[in-house]
Structures are given as structure tokens and as C-alpha cells.
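A closer look at the structure
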Amino acid sequence: MSLFNTVRNTIVPVHKEGYPFVAAFFVASLVLGWIFEPLFWIGMIFTLWCAYFFRDPERVTPQDDDLVISPADGKVSAIQMVTPPAELNLGPEPMLRISVFMNVFNCHVNRAPMRGRIVSINYRSGSFVNAELDKASEDNERNGLVIETGHGQIGVVQIAGLVARRILCWANPNEPLDAGERFGLIRFGSRLDVFLPAGAAPRVSLGQTAVAGETVIAEFASAKGPIISRRS
């Protein structure tokens, strides 16, 4: 049992959205191997990478309504006051924006940064420039969620990147979300922006690595007691 548990805990499950891609890479490897055997092993490397890309690991999320949790794995690429996208209807005043950039090696499952109720979901078509660039917030294809929380409405925007060509969001308006709960996925490189109202203070630094569902990126209060965590 000990060996079984070790293997089970080591192998990270693949999200169901990745099954068709992993299968396609594997079939392509077989075909290429039939033509020229070394190509099979090259194809298998890409198949394993595809499975790694679509991994969906378990996360332990701090359960505190004053904390803002990272919605994505990746690098904190921006911390600044900016006007939120117009389609979010969060007003014309600048809000604290914390951006997390995901490269092709990061886990791309997106998680809710705070507990609340989804007020609206707004999709906007656009271009596919490098998501790490600041102009990607305005120019790129994106999908924005507005969530009503205990500290007011926040915005969470999924932004397509240079390679990304599909934004997935399986949440719906008026549905509740728990902090750390999965709500979407972006394929092959992208970015998540979180827009926070007054009172939120950053708890990360530029260039820091964030872990979706675990890393605290901002906080609305301090001097808190012990924080309960939830595994998901």
C-alpha cells in the first residue's frame, strides 16, 4: 500500500480538457514511428509534454475571506493601478491589478481568487500578442468574470497569449464560487489579471512565482489569527 500511495501521489492527474490533445499526440507518434522509428520517440516526448501541460494537481487553499489567492500558476508580471476593462462595468476609477503570466510549462487550470458569486461573464475577441506585454490587457482576446465578494466586486480576466488560441470558462453567471475553485483553463500560454477594489494590499512582488489556489497575492486585512486551508 505504501508503494501504491507513493505512485498515486506522484502522478498528477490530467484535466479532461487535455484528453483529446494527449490522444492526438500519441496517435501522431505511432504514425511517425511507422514511417521512421526515431520519430516515434520524438513524438512521445511531445505527448508527455502535452500531458504535463494539462495537469490538474490538488491544491490546498487558505480559507479566509480577506485573502486574495492566485488564480493561476506562473510569474507575477504586473502590480499597478489601472482602469479595468470597460466590459467588466467596474467603473472608471483605477483599481489594483495583479497579473500572473503563464508560460507553456505552467499548469493552466484557473482558480477563483476569492469566495463569492459570479455577477457577469464577458467575452471579448481580439489579437494574440505576447500575454506578458502590458498592451495584451487591451488588445488580446479575453474573458472577464466579475465576482461579488465580501469586499465588493472584483474582476478576473483570462487573457489569451501568443500561442493560446482557446479560452475555456465553465462557470456561469449567478453561480457561487469558493476560493481556489476551478473555473476555467487557457490552452498554451496566457495571463490572468485580477482587479481589486480599494482596501486591497499586494502580498507578492514582481517576478515572484505564484501557485494557483495557494499563493496569497493580496489581502484586505491584517493581524489575522490562524487560517484554515481547504484541499482541492
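Residues numbered from 1 in each chain as written. Predicted model: local features only at pLDDT ≥ 70, side-chain atom pairs only at ≥ 80, totals over all residues. Heavy atoms only, no water.

So, the side chain of Ser 29
You can see Ser 29 is positioned in helix 2 (residues 19–35). Residue Ser 29 is classed as buried on the basis of its relative accessible area of 1%. Of the polar contacts made by the side chain of Ser 29, one reaches the backbone nitrogen of Met 44; its length is 3.3 Å. The residues touching Ser 29, leaving out its near neighbours within four places in the chain, are Phe 40, Gly 43, Met 44 and Thr 47. (Helix = DSSP H or I, 4+ residues; strand = E, 2+ residues; numbered from the N terminus. Buried < 20%, exposed > 50% of the residue type's maximum accessible area, 1.4 Å probe, protein only. Polar contact = N/O pair within 3.5 Å; in protein donor to acceptor, adjacent residues only side chain to side chain. Contact = heavy atoms within 4.5 Å.)

Comments concerning the sheet that holds strand 13 (residues 201–202)
Across the sheet, three strands lie side by side as 2-15-13; this open sheet has antiparallel pairing. The strands lining the two open edges of the sheet, one partner per strand, are strand 2 (67–69) and strand 13. Note that strand 2 and strand 15 (residues 216–219) share three bridges and pair antiparallel. In the sheet register, Val 68 faces strand 15, and the bridge partner there is Ala 218. (Pairing = 2+ DSSP bridges.)

Topic: the pattern of salt bridges
For the coordinates displayed, the defined rule picks out seven salt bridges. The residue Arg 182 makes a salt bridge to Asp 56 at a minimum N-O spacing of 2.9 Å. Highlighted residues: Arg 182 in strand 11 (residues 182–186) and Asp 56 in the loop between helix 3 (37–53) and strand 1 (60–63), separated in sequence by 126 residues. On the basis of relative accessibility, which here comes to 11%, the residue Asp 56 falls in the buried class. As a salt-bridge pair, Arg 115 and Asp 65 come within 2.4 Å of each other at their nearest N and O atoms. In this pair, Arg 115 is assigned in the loop between strand 5 (109–111) and strand 6 (116–124) and Asp 65 in the loop between strand 1 and strand 2, connecting sequence segments 50 residues apart. Classification of Asp 65 as partly exposed rests on a relative accessible area of 37%. Salt bridges here are not isolated pairs; linked through shared partners, they connect Asp 56, Arg 111 and Arg 182. (Salt bridge = Lys/Arg side-chain N within 4 Å of Asp/Glu carboxyl O.)

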